[in-house]
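Listed here are the chains, written in short residue letters.
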Amino acid sequence: MRYMFLVYSTETAEATAAPASLREVAEAHRRVMDEASRKGVLLGAEPLKPTSTATTVRSQDGEKIIVDGPFAETKEQLAGYYILDCRDLDEAIDWAKKIPTGCKGGEGCIEIRPLEKTEH
Amino acid sequence: MDTQAAAESVFREESGKIIAALIRISGSFDRAEDAVQEAFISALAAWPKTGIPANPAAWMMTTAHRKLIDQVRREQTVRDKEDSVRYEIEAFSPPNQIELESDSMHLPDDRLRLIFTCCHPALNQESQIALTLRTLGGLSTPEIAKAFLLPEPTLAQRLVRAKRKIQEARIPYEVPNADRLPERLASVQAVIYLIFNEGYAAASGAQLIRTDLCAEAIRLGRVLKELMPTDPGNLGLLALMLLHDSRREARIRNGQLVTLEEQDRSLWDRNEIAEGLALVQQAFRLGPVGSYQLQAAIAALHAESSAPEETDWKQIAGLYERLLELNPSPVVALNHGVAVAMSAGLEAGLERIDDLGASGELDSYYLFHAARADIFRRLSRRKEAAEAYRRALALATNNIEQEFLRRRLAQLDHSVSAER
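Keep in mind that this is a model prediction, so the values were computed, not measured. (Residues numbered from 1 in each chain as written. Chains lettered and ligands numbered in written order. Predicted model: local features only at pLDDT ≥ 70, side-chain atom pairs only at ≥ 80, totals over all residues.)

**Q** I would appreciate a short explanation of the interface of chain A and chain B in the present structure.
**A** When the parts of a complex come together, some accessible area is lost, and that lost area is often used as the size of the interface. On the chain B side, the residues contacting the 5 residues of chain A number 8 residues. Partitioned by chemical class, the residues of the side of chain A that touches chain B number 3 nonpolar, no polar and 2 charged. (Contact = placed C-beta atoms within 7 Å. Nonpolar A, V, L, I, M, F, W, Y, C, P; charged D, E, K, R; others polar.)

This is the structure:
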């Protein structure tokens, strides 16, 4: 079953983090990706640019409205994603525990969402 | 026994086992529940004519299994005819692989699988409780709703949502491996203890159903202990529940709460105490001491005292201290303070409790004020006692507790006016 791992962390912590600490987080991501790819479960993984670069297009009263910024102001921001093929939720949880969130003591979380089966 | 009562009792006793097996076989909570329900209805129809079968449990199991197979065949036929069923959940094994051999109906691990799935931390705790009572406990949705004082649709919705999540997020139906076990077992134990407390603490309204919750929690505790007998926490938990439950008759008199100190100890259930005490000893021998064992040991010390004056408060204080190390919560600290008051001196205990209250964290906790009030009362500092009782009364939510506090206040007023 395919699961998407939505990685949330606090951008402010990242912005003030020392370069070494950022490198550490990137390194940790690389390790997870290596392991996932070695095990043949990696279907995708990308980091995102910060929410300051986000644009939201909202449908409202039949119109499309363009707004500067993310769809909602939240304490933690979506920073990237993984898609992994896991046997079940327990295996997915094990992966989620390995994926780093935040840096320099910054907090974060991973939301695990099963992907809907699509037919082609 | 009449056949209806027999069918009901078999259903209550066995449905957890049967559902557990059928979920493994069919991969679906709903199918398993439907099959067991149908088997129960069959029993109600058949037993008055044929008499109660020699082995009613086996009859129920076989019938439920057959119902499940019928059900799947019916669905298969519909699917073959229409060939348009798009929505298919295949979280576990696909249904057309249903095994027909009856051997597959008896795997001892089934109920363990079920309890771990129901108490999976990816489900919220309310759902864990509802699902455990529904599937393992064999309680009906209205029964569970009544016991938790919730509207039935709320509870039904909770169950539907939980079952959907199990299927769609693919929560596995298995006993967790060694790495995951400690975390997962803690979650199972917490659910069982919450069910017990729900039945034990609140005594309002549907009293009978709530007593049932205690019995159900103890039954689940026994199942857990039977399935994993070497886990000291499982023994501790069962002991703790039995020792508390042993005081049930003495705890409420004429609808009024009776404190441990004032309870008629001859009303305590000696069988439950004996079993609880033996379990505590066994649990301590088994190994690492966790919070259930410590709480059970505290309850055991109370159970062993033939009179309140004989209570070994010093040892109880020591056990609370250890509990505090494991679980540093203000509530445990409060209990520790009370034990200190009873062993090392009321003033020393009061001082400790006041220190705890200094942060203001316990201000809205009624037992904090009730504990202070009780110590003031023992010290004959009536004015302070009355004030603390009043604060406790303003915070208590349960009728019986409020009634108790009011009584204490009245007693104080009485003794104050008698002095004049």
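**Q** What exactly am I supposed to notice about helix α3 (residues 89-98) of chain A here?
**A** An α-helix turns once every 3.6 residues. As a result, residues three or four positions apart point the same way. Residue and element names in this part refer to chain A. Every buried residue of α3 is listed here: Leu-89, Ala-92, Trp-95 and Ala-96. The arc enclosing the buried residues of α3, seen along the axis, measures out at 115 degrees, which places them on a common side. Exposed residues pointing more than 90 degrees away from the buried face of α3 are listed as Asp-94 and Lys-97. Of the surrounding elements, those touching the buried residues of α3 are β1 (2-9), β5 (77-85) and β6 (108-114). (Buried ≥ 20, exposed ≤ 12 C-beta atoms within 10 Å, placed from the backbone. Helix = DSSP H or I, 4+ residues; strand = E, 2+ residues; numbered from the N terminus. Arc of directions from axis to C-beta.)

**Q** Teacher, can you tell me more about the pairing of β5(A) here?
**A** Remember that side chains alternate between the two faces of the sheet whenever the strand is regular. Pairing analysis gives 8 bridges linking β1(A) to β5(A), with the strands arranged antiparallel. Note that in β5(A) the partner of Leu6(A) across the bridge is Tyr81(A). (Pairing = 2+ DSSP bridges.)

**Q** What's the story with the packing of helix α15 (residues 330-343) of chain B against helix α17 (residues 366-378) of chain B in this structure? I'm lost.
**A** In a pair of packed helices, the angle between the axes and the distance between the axes together describe the arrangement. Residue and element names in this part refer to chain B. Between α15 and α17, whose axes approach to 11 Å, the crossing angle comes to 5 degrees. One finds that α15 runs roughly parallel with respect to α17. Across from Leu-334, Val-338 and Ala-341 in α15, the residues of α17 making contact are Leu-367, Phe-368, Ala-371 and Ile-375. Looking at the contact of α15 with α17 residue by residue, the class counts come to 7 nonpolar, no polar and no charged. (Axes fitted to C-alpha atoms, helices over the stretch in contact; angles between N-to-C directions. Parallel < 35°, antiparallel > 145°, perpendicular 65-115°, else oblique.)

**Q** Explain unusual backbone geometry to me, please; I cannot follow it from the model alone.
**A** Trans is the prevailing form of peptide bonds, just as negative phi is the prevailing case for residues other than glycine. All names here are of chain B. One non-glycine residue, Arg-170, lies in the positive phi region at around 55 degrees. By the element assignment, Arg-170 lies in the loop between α7 (152-168) and α8 (181-201). Residue Arg-170 is classed as buried on the basis of its 22 C-beta neighbours within 10 Å. Of note, Ser-380 is a non-glycine position whose phi angle comes to about 60 degrees, a positive value. Tracing the chain through its elements places Ser-380 in the loop between α17 and α18 (382-395). Take Ser-380: there are 8 C-beta atoms within 10 Å of it, and that puts it in the exposed class.

**Q** So what exactly am I meant to see when it comes to the sheet that holds β1(A) here?
**A** Paired through backbone hydrogen bonds, the strands of a sheet run either parallel or antiparallel to each other. Residues and elements named next belong to chain A. Here 4 strands make up an open sheet; going across it, the order is β2-β5-β1-β6 and the pairing antiparallel. Across the chains shown, the open sheet's two edge strands, defined by having one partner strand only, are β2 (42-47) and β6. Going from strand to strand, the sheet's axes swing by 20 degrees on average, the running direction of each strand aside. Across 7 bridges, β1 lies against β6 in antiparallel orientation. Residue pairing across strands places Ser-9 opposite Gly-108, the latter belonging to β6. Most of the contacts of α3 go to β6, to which it runs at about 155 degrees, and overall it touches β1, β5 and β6.

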